[in-house]
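Spelled out, the chains give:
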Amino acid sequence: MNFSGLLAQLFAIALALAAAPLLTGWVNQCRAWLQSRSAPPLLQPYYMLHKLFNKDVVLAHGASDLFRFAPFIVFGCMVLACAIIPSLSTDLPFAPSADTIALVGVFGLARIFISLAAMDIGTSFGSLGSRREMLVGFLAEPALLMVIFTTALISQSTSVATIVETLAHREFIIYPSLAFAGIAFTFVSLAENARVPVDNPATHLELTMIHEAMVLEYSGRHLALIEWAASLKLYAYSCLGLALFFPWGIAAGDSFLGLLAAVPLLAFKLAVGGFLLAVIETVNAKMRIFRAPEFLGTAFLLAVLGLLVRLLLETRV
Amino acid sequence: MNAAIPLTAQLINLFAAVILLLAFAMLAQRRVLPLINLFALQGLTLAASTIVAAVSTGQHHLYWSAGLTLLLKAALLPWILHRLVRRLHVKWEVESLINVPTTMLVGIGLVIIAFNVALPISQLSDTITRGTLGIALAVVMLAFLMMITRTKAIPQVVGFLAMENGLFLAATSATYGMPMVVELGIALDVLVGAIILGVFFFQIRDQFDSLDIRHMERLKDN
């Protein structure tokens, strides 16, 4: 582990922590514009976090230790995910610690803990939300794995850094399989980040909410950590999507200039991605929870098709 | 490994993949009008892929087949179908015998079979488009599946026409297209078929007050 690699790693984590709420704010602002509402300020998520960190924590009577520790575990998982996913450079000392399959596991760990914490209190909303979350999660995970296997087949490795290096620093080739995988990944990230066709991040209507139902009982700094973790998750998924499907501009070596040049490019790509997310959320209606398996089944199917097309078209004897 | 594939072949592969994607989208589509639009889009993609094949190989008759595909499958047939739907007032949801996710799973199985069957065959061919033979076969089988699982007449006809798309793709990918005479004959057959089936629709509706094919399983008067 060299010094500049460590520096790049710390810089990437710091950027993720600082920029994730900004991305959420940007998406919310775009959504408001598209729905012709007056938009909240871009920095609204920071105000929210500041407010929540200064508030006292109110715990339910039956809350066990699990309920108190879960926000920290979820937050830690998301920071780890942001550290592994190459957003600025592929020279990350943390990256060998977990490949893409372990990355899916990290997301799974966070999901399990937040669901357990929601059931821990014993309110009906909590267990309802966690059951729905598990339904969505167990359908989204295989689809995500299939997407990752498609990219792993191209680069012959499951390490995220190697995949991105292979995809970014090669001559330009059209991969039809990546088109399938890209659509499937979009479906999965909409479902995983509690976005509109599957869940609505802005609702507190009991019939529809999934993620919000689980965190209803949280307050104060615990809620702040959970909100921050949700922003980090959106940031991590966006960076993963950009790294897999639009990897151009991610610095390869340990050059500091390349790292600095990658920052505005990443900001630009995230801004475009956030706007597209807002467009998707505006033109689609939220579907019934019972349609979610079909939605995620389609994602799984597209990912498998990508894998098959990869095997048929792109491997020559 | 991949560097050996020229750009035109990559484009053809991409278009073939899009055609396969559209075949699945048609399989999953529940409404009649979007189904017809998807079919038109498939015809358009097919024409584009044929044009790319024509440019890369310099085969002149492929331009003609691309033009014919564009005119017939992307414009004329969707227009006829749209007109039929308007005249018959059938904008309802398409009923399907088995539910959509199961159909999709069966579809995946068909794709795997088609790819496996086509792999040894396509290695005999020396065209640059040979890789798409498996996709063509898969499109044919998916269209077949659509004809089997749908109970209404119009989706069945769309399935029939989509099957012809798959056959056309297979011909282009294996041998750079059939002779012009054969192609013209098939195009005319499809057109006449669509028109005759359109007349049939009116007859079926007059007879049974519905376009549900299941009514035709009992043909005895009782």
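Not measured: the values here are computed from a predicted model.

### Some points on the overall build of chain A
On a plain count of helices and strands, chain A comes out with 11 helices and zero strands. Listing the helices and strands of chain A from first to last along the sequence gives α-α-α-α-α-α-α-α-α-α-α. Considering only C-alpha atoms, chain A reaches an extent of 65 × 45 × 40 Å along its principal axes. Residue burial in chain A is summarised as follows: out of 317 residues, 48% are buried. Of the contacts made within chain A by residues no fewer than 6 positions apart, 81% connect residues no fewer than 24 positions apart.

### Points about the nonpolar core
Of all hydrophobic cores here, the largest spans 166 residues; its most connected members are Ala143, Ala184 and Ala303 of chain A together with Ile19, Leu20, Ala23 and Val139 of chain B. When residues of this core are assigned to their parent elements, the largest contribution, 17 residues, is made by helix H9 (residues 220-245) of chain A. Discounting chain neighbours no more than four positions away, the residues touching Leu20 of chain B are Leu305 of chain A together with Ile135, Ala138 and Val139 of chain B.

### Considerations on helix H6 (residues 153-175) of chain B
All names here are of chain B. Relative to the 33 Å expected for 23 residues at 1.5 Å per residue, H6 spans 33 Å between its end C-alpha atoms, a close match to the ideal helical length. The buried fraction of H6 is high, at 18 of 23 residues. Immediately downstream of H6, the backbone of Tyr176 shows phi near 55°, a positive value.

### Notes on the interface of chain B and chain A
Taken residue by residue, the interface counts 21 residues in chain B and 18 residues in chain A. Taken together, the elements giving at least two residues each to the side of chain B that touches chain A come down to helix H1 (7-28) and helix H4 (100-122) of chain B. Looking at the side of chain B that touches chain A element by element, the count peaks at eight residues for H1 of chain B. Class assignment for the residues of the side of chain B that touches chain A results in 16 nonpolar, five polar and no charged.

### What about the confidence of the model for chain B?
Residues and elements named next belong to chain B. The predicted model of chain B averages 81 in pLDDT, with 91% of residues at 70 or higher. Mean pLDDT values over the elements of chain B span from 78, in helix H7 (residues 180-208), up to 90, in helix H5 (residues 133-149). Interface confidence in the predicted complex, given as ipTM, is 0.76; pTM for the same model is 0.86.

### Details of helix H6 (residues 160-168) of chain A
Residue and element names in this part refer to chain A. Within H6, the full set of buried residues consists of Val160, Ala161, Ile163, Val164 and Leu167. Along the long axis of H6, the arc covered by the buried residues comes to 160°, so they all point the same way. At its buried positions, H6 is contacted by helix H3 (65-84), helix H4 (100-121), helix H5 (124-155) and H9.

### What to know about the packing of helix H1 (residues 3-34) of chain A against helix H2 (residues 44-53) of chain A
Residue and element names in this part refer to chain A. At a minimum axis separation of 7 Å, H1 and H2 run at an interaxial angle of 125°. What the angle tells us is that H1 and H2 run oblique. On H2, the residues touching Pro21, Thr24, Gly25 and Asn28 of H1 are Gln44, Pro45, Tyr46 and Leu49. For the contact of H1 with H2, the per-class residue count stands at four nonpolar, four polar and no charged.

### Quick word on the packing of helix H7 (residues 176-192) of chain A against helix H11 (residues 292-313) of chain A
All names here are of chain A. At a minimum axis distance of 8 Å, the contact between H7 and H11 shows a crossing angle of 160°. The angle between the axes of H7 and H11 places the two elements in the roughly antiparallel class. Of the two elements, H7 crosses H11, and the hand of that crossing is left-handed. For the pair formed by H7 and H11, the contact residues are Pro176, Ser177, Phe180, Ala181, Ile183, Ala184, Phe187, Val188 and Ala191 on the first element and Ala292, Phe295, Leu296, Thr298, Ala299, Leu302, Ala303, Leu305, Gly306, Val309, Arg310 and Leu313 on the second. Residues belonging to the contact of H7 with H11 are distributed by class as follows: 17 nonpolar, three polar and one charged.

### Considering unusual backbone geometry
Residues and elements named next belong to chain A. Residues other than glycine seldom take positive phi values, yet Gln156 does so here, at roughly 60°. Its place among the elements puts Gln156 in the loop between H5 and H6. The class of Gln156 is exposed, set by 9 C-beta atoms lying within 10 Å.

### Examining the environment of Leu14 of chain B
As for its placement among the helices and strands, Leu14 of chain B is situated in helix H1. Each C-alpha atom, one on Leu14 of chain B and one on Thr132 of chain B, is 9.5 Å from the other, the two residues being 118 residues apart in sequence. Those residues within four positions of Leu14 of chain B in sequence are excluded, and the remaining contacts are Ile174 and Pro176 of chain A.

Rules and cut-offs
- Residues numbered from 1 in each chain as written.
- Chains lettered and ligands numbered in written order.
- Predicted model: local features only at pLDDT ≥ 70, side-chain atom pairs only at ≥ 80, totals over all residues.
- Helix = DSSP H or I, 4+ residues; strand = E, 2+ residues; numbered from the N terminus.
- Buried ≥ 20, exposed ≤ 12 C-beta atoms within 10 Å, placed from the backbone.
- Contact = placed C-beta atoms within 7 Å.
- Core = buried A, V, L, I, M, F, W, Y, C linked by C-beta atoms within 7 Å.
- Expected span 1.5 Å × (residues − 1).
- Nonpolar A, V, L, I, M, F, W, Y, C, P; charged D, E, K, R; others polar.
- pLDDT = per-residue confidence, 0-100.
- Arc of directions from axis to C-beta.
- Axes fitted to C-alpha atoms, helices over the stretch in contact; angles between N-to-C directions.
- Parallel < 35°, antiparallel > 145°, perpendicular 65-115°, else oblique.
- Left-handed = near helix turned anticlockwise from the far one by under 90°.

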